[in-house]
Structure formats: C-alpha cells, structure tokens
Amino acid sequence: MTAEQRIIVIGCGYVGTVVAGSFARIDRHVVGVEVDGEKLARLRSGQAPFHEPQLDVLLRHGLARGMLEFTDSAATVVPSADVIFFCLASPDGGKGRADMSQIESAIDSIVPHLRRGQVVVTKSTLPLGANDWIQDHIAEQAGFAVPVVANPEFLREGSAVEDFLHPDRVVLGADDGRALDLVLRAYRPILDQTFERIVPLARGEQPRPELVVTSRRSAEVVKFAANSFLASRVSLINEISEICEAYGADIDVVAAAVGMDSRIGPHFLKAGLGWGGSCFDKDLAILARQARDAGVEPALVEAARRANRTHRRWVVDLIGDALGGLEGRTVAVLGLSFKPDTDDLRDSPAVELAERLMAAGAVVRAHDPAVAKVPELPGLEVVPDPVTAAVDADAIVLATDWREYSRIDFAAAAAVMRGRLAFDARNVWDRAAVEAAGLRYRGIGRADQTRLPRRADGESAVGG
Ligand code: UDX
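Residues numbered from 1 in each chain as written. Predicted model: local features only at pLDDT ≥ 70, side-chain atom pairs only at ≥ 80, totals over all residues. Heavy atoms only, no water.

What follows deals with the overall build of the protein chain. Scanning the protein chain from N- to C-terminus turns up 16 helices and 14 strands. Its C-alpha atoms give the protein chain a radius of gyration of 24 Å, within 12% of the compact-globule value 23 Å for 464 residues. Taking the principal axes of the C-alpha coordinates as reference, the protein chain spans close to 75 × 50 × 45 Å. Looking at the 464 residues of the protein chain, the share that counts as buried comes to 52%. The contacts of the protein chain with a sequence gap of at least 6 include a subset with a gap of at least 24, amounting to 71%. Counting every atom, the protein chain has about 20,400 Å² of accessible surface; 52% of that belongs to carbon and sulfur. Looking at the protein chain, you have 53 positive and 65 negative side-chain charges, and the mean spots of the two groups are 1 Å apart. (Helix = DSSP H or I, 4+ residues; strand = E, 2+ residues; numbered from the N terminus. Rg over C-alpha atoms; globule rule 2.2 N^0.38 Å. Buried < 20%, exposed > 50% of the residue type's maximum accessible area, 1.4 Å probe, protein only. Contact = heavy atoms within 4.5 Å. Areas by Shrake-Rupley, 256 points an atom, 1.4 Å probe, with all protein chains shown as cover. Lys, Arg positive; Asp, Glu negative; His and termini not counted. Charge placed at Lys NZ, Arg CZ, Asp CG, Glu CD.)

Put into structure tokens, the structure is as follows:
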C-alpha cells in the first residue's frame, strides 16, 4: 500500500529536490512542482539545478523507474496527492522578518484543487506560528480543513541526501492523528531504515533515527533552537581561537580536549573563517526578531551573529598583518562556497573575505572546485585551478575547506608565487608540508606562530 502513496513536493530548490529524489528512492510516487522553466527542464533531465552529492543519481534513478516526475502545474497533480510537502523558501524579508510571499502564492495555487483527507507538510523553516497561519489560511480559502504538519528539515548542504535518508531524528509537529499517520507512512522506511544505503557504512549498522512527535509550535522551535546552538558553538570556538592566538595556545588541541567532555561532544568545534550559508544568519535573525516581539531578550542569539561578523573581519586583519598591509598585494583565495561540497555562495565567509581584501586594495584571484564566477563580485577573477590562482601572489589563503585543498601541490604553488605566505583560514593544512615547500605557514589560533602579549611595562600579560 505504501508504494502507492503519492507525494507532491511544491518548490524544487535545495530542500524540495532532495525531498523529492529521496522519497522516490524509498518507493514513494513523487511529483515535484517547480514553476521556474529553466530549473524544471534540468530536473526533468535528471540534473539538480545545484551541486549536491548523490542527488543527480537519485533523480535519474527515480525518473527512469517512473517513481519521480516534475511539472510546473500544481493544478494537475494536487488532486491525486495524499501528502503535499511545502518546500518553498522563506527568505529574509529584511529586519528579521521572513518573506512569506512564495508560501502565500503556493497556497493560492493549490487551494482550488485540494480535497478533504489530504495533508500539507511544511519542511522549510518558517517563522514561529506560521504553520497555524497556513492551516487557518487554507481552511478559510478552501472552505474545509486540511491539517498542516510541521516537519523541519535538518539537511546540511553537501550531505543533504544522507541527512534525509539517514537522519538523527525526524520531528513531526501535528495536532491531527490521521494526518500524522499519513506522514509517518511516508517516512516509514526511513524510520525503520529498511532500505539499502547508497553509500555503505564503513562499519557498524545504521542507527534508527529518533522520532519526535510533538505540537506544531514545538517542532517550529526545535529547528530554530538547533541552528542557534550550532551557530553559537562555532562562534564560541572561533572566539576561543582568537584567545588562543593571543596567548600562544593551540585551538585544535583545545577544541579536541573540550570535545572529549561527553557533555559537550566533538562535533561543530572547528575554528576557521566563520560560519555562513543560507540558514544560520537568516534563522537567527528571525528568531531574535520574534523573541523581541514577544518581550524576550535574545542576548545569546544576537551575540552569536555579532561574534561571527567580528571574527570574519579579524581574519582579514590577520592576513593584512602577516603581509605587512594589503594595498597592492596579490592574494590567491582558495574556495568561495560557504562550505565544501556545495556551490552555494549565500552568506559565504570566503566571498566576504575576497571582497574585503579587494576593498583594502589587494588584487584577488580565486579558485573553487564548484564555482566559476561570483555574480556580486564581478571584479573577482576566478581561475580554473589553485596553482594558476597562485601566480605572482604574495599569499595563498585557504578560505573554504574543500578536501582537494588539503592535498594541494605546495611546491608548484611556491614556484609561481611572488611571496611566501600560506594562510590557512580553516586550519587544515599540514604545517610541515607547507614549510617543506619553502612557504611560511599561518593558521587560525594555532601555536608556534603567536607571541604572548606583553603589558605596556614589558611584563607578560599571562599569570600574576
Ligand atoms: C545548516 C544546518 O546544519 C542544517 O541542519 C540546517 O537545516 C541548514 O543549515 P548548512 O547551512 O548546510 O546546514 O551548513 P552546516 O554544515 O551546518 O555549516 C554551517 C557553517 O558553519 C558553514 O559555513 C561551515 O563552514 C561552518 N562550520 C561548521 C564551521 O566553521 N565549523 C564547524 O565546526 C562546523
């Protein structure tokens, strides 16, 4: 019976394409609705409109097996759907307000075709209370109730398919038992892990995900709380890297030792250039705004955002110090996406770095394995390989920790560079390998590169 469940996915951006391809992979019949003609054509040919590991394989497989289709007409497919997933963006509409216009027009397009017994599931991150609003709005327009289930996504770009098919947890916020059953049926193979993995685990068994069934409000808050915790952790470890830098400690040792505390855990403690991406800053801004609207002071949420902005600038200053100024320097920036394994440039710390270096008078040449140009920085030259980026450069700067940059040919880069600086803003390079090529290594908060601060009277600032 489950094989016949029909799922409609409204909006085939990052989240929707992963949801559509993954449900088809576990034998749900899925139709993705996408109104952008160019995107639709790509999806129909089995290509995701963005870079995401494993996704193209899922799309081609789903299309070939007839389990997956794409259309631009919600009207023709909504009537036969059991479950309708809303995977539409709610971009920052400014001042911490989410722009709900895509959601509103999606509601308008499906309402005339809805029938009783269907369920709407929201996957995109929506402001607190939005799910109640959607349910009321649909009921008002349709003239009958269609239950809404809040099902926040926790998909990391670069591993979104893995995250969807093998999640830590599935969170369902529902106040209608029948609607909940329909959604549970859609997720059953994922909850029970009863299908073959695309990429086998090196060892061990795939743990079954936790299932959290709760109210819609709690489900909404889970998503904002998770991203606030993650962003705050990275802001904190980056701040500690600055303290390590100032006092001659090594952030990698500190982070490892801190992460050994089972109350803290080892993940999301990598210091670097700062966090970015389409979710963290937007979600924290919306949460802060909604907290304030409700009379709650979002001190830590705001601090996490502020610290991230400050840290990104701090790294630019470090590069400037290491080069004795940026004016007239040539800098090769390696990596432009906001993190590896994606071509997403939204709120990318690497792009901001390139922009700040250029604004300070440096000539910047960049490379990224998945990015050929940066539309908002037309003056930035993006070249096809890291060594070409290094030609005549005073410094090479690792800005996004793509795996291929850990095995860069330092000797080849050194041979074409004008200067000697290898600045590792993600702390991934092997200092010995860099130095063996005759380059000067500089990381973030790593020992052996720092001086202990002195007080004005020449005494060490440590101790006493
Ligand atoms: C995030 C959440 O993880 C995901 O659950 C949510 O639904 C969408 O937002 P994503 O934006 O894809 O996912 O990126 P994520 O892997 O969380 O990384 C965010 C940023 O933090 C990146 O810029 C990354 O480079 C940075 N980061 C992460 C660090 O600097 N250090 C770390 O230890 C971890």
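What follows concerns the side chain of N238. With respect to the helices, strands and loops of the structure, N238 is situated in helix α9 (residues 216-247). Apart from residues no more than four positions distant in its own chain, N238 is found in contact with K270, A271, G272, G274 and H311.

Another point: the site of the ligand. Every one of the 19 residues lining the ligand counts as a neighbour, but E157, K270, G276, F338 and K339 are closest to it. E153 has a polar side-chain atom sitting 3.1 Å from an oxygen atom of the ligand. One of the side-chain N or O atoms of K223 is found 3.1 Å from an oxygen atom in the ligand. Protein chains shield 91% of the accessible area of the ligand, which is 670 Å² for the free molecule. With four residues, the top contributor of residues to the shell around the ligand is α9. Considered class by class, the residues forming the shell around the ligand number 10 nonpolar, two polar and seven charged. (Near = heavy atom within 4 Å. Polar contact = N/O pair within 3.5 Å; in protein donor to acceptor, adjacent residues only side chain to side chain. Nonpolar A, V, L, I, M, F, W, Y, C, P; charged D, E, K, R; others polar.)

Grouped together as the largest cluster of nonpolar side chains are 45 residues, with contacts concentrated most on F23, F85, F164 and Y187. In terms of residue count, the dominant contributor to this core is helix α8 (residues 177-192) (nine residues). L318, V331, L353 and A425 belong to the second-largest nonpolar core, a separate cluster that totals 33 residues. (Core = buried A, V, L, I, M, F, W, Y, C linked by side-chain atoms within 4.5 Å.)

Consider a sheet: its strands pair through backbone hydrogen bonds, and that pairing is either parallel or antiparallel. Here we have six strands laid out as an open sheet, ordered β11-β10-β9-β12-β13-β14, and parallel in their pairing. Because the sheet does not close on itself, it has two edges, and the strands there are β11 (381-382) and β14 (440-442). (Pairing = 2+ DSSP bridges.)

Another point: unusual backbone geometry. Residue Q193 is not a glycine yet carries a positive backbone phi of 55°. Counting through the fold element by element, Q193 comes out in the loop between α8 and β8 (210-214). With relative accessibility at 15%, the residue Q193 sits in the buried group. Look at N427: it is not a glycine, yet its phi comes out positive at around 50°. Mapping N427 onto the fold places it in the loop between β13 (421-424) and α16 (431-436).

A few words on the state of the cysteines. Inspection of every chain in the model, using the stated rule, returns zero disulfides. In this structure C87 is not part of a disulfide, and its nearest cysteine sulfur, from C12, lies 7.7 Å away. Take C279: it sits in no disulfide, and the sulfur closest to it among the cysteines is that of C87, at 13 Å. (Disulfide = S-S within 2.5 Å.)

What follows deals with helix α1 (residues 14-25). With 12 residues, α1 extends 17 Å from end C-alpha to end C-alpha; this agrees with the ideal 16 Å at 1.5 Å per step. Burial analysis of α1 places 11 of its 12 residues in the buried class, the great majority of the element. Listed as buried for α1 are V15, G16, T17, V18, V19, A20, G21, S22, F23, A24 and R25. Phi turns positive, to about 70°, at D27, one or two residues after α1. (Expected span 1.5 Å × (residues − 1).)

With the rule as written, the count across this model stands at eight aromatic pairs. With 5.2 Å between their ring centres and 45° between their planes, F23 and F85 make a pair best called tilted. One end of the pair, F23, is in helix α1; the other, F85, is in strand β4 (residues 83-86), and 62 residues separate them in sequence. Classification of F23 by relative accessible area gives buried; the value is 0%. The exposure class of F85 is buried, given its relative accessible area of 0%. Pairwise contacts between aromatic rings join F23, F85, F164 and Y187 into one cluster. In this structure, R169 is placed above the aromatic ring of F154, and the distance from its NZ or CZ to the ring centre is 3.6 Å. (Phe/Tyr/Trp six-rings, centres within 6.5 Å; stacked < 30°, edge-to-face > 60°. Lys NZ or Arg CZ within 6 Å of the ring centre and 35° of its normal.)

With that out of the way, let us pick up the pattern of salt bridges. By the definition in use, this model includes 29 salt bridges. Where salt bridges share partners, they join D132, D175, R216, R217 and E220 into one cluster. (Salt bridge = Lys/Arg side-chain N within 4 Å of Asp/Glu carboxyl O.)

Bringing the side chain of Q135 into the picture now. Within the secondary structure, Q135 sits in helix α6 (residues 130-142). Dropping the residues within four chain positions of it, Q135 is found in contact with V146, P147, V148, D175 and R216.

As a further point, take the packing of α9 against helix α11 (residues 280-293). Put simply, α9 and α11 touch, their axes get as near as 9 Å, and they point 120° apart. Overall, the two elements α9 and α11 adopt an arrangement that is oblique. Once α9 is placed against α11, the crossing between them reads as left-handed. Residues K223, F224, N227, S228, L230 and A231 of α9 lie in contact with α11, whose contacting residues are F280, D283, L284, I286 and L287. Split into classes, the residues belonging to the contact of α9 with α11 amount to seven nonpolar, two polar and two charged. (Axes fitted to C-alpha atoms, helices over the stretch in contact; angles between N-to-C directions. Parallel < 35°, antiparallel > 145°, perpendicular 65-115°, else oblique. Left-handed = near helix turned anticlockwise from the far one by under 90°.)

Once that is clear, we can look at the environment of G277. By the element assignment, G277 lies in the loop between α10 (251-259) and α11. Assessed through its relative accessible area of 5%, G277 is described here as buried. C-alpha of G277 to C-alpha of G96: the two residues are 181 residues apart in sequence and 16 Å apart in space. Setting aside chain neighbours within four positions, we find G277 in contact with F338, R346 and D347.

The quantities given are spatial measurements derived from coordinates; they are silent on function.
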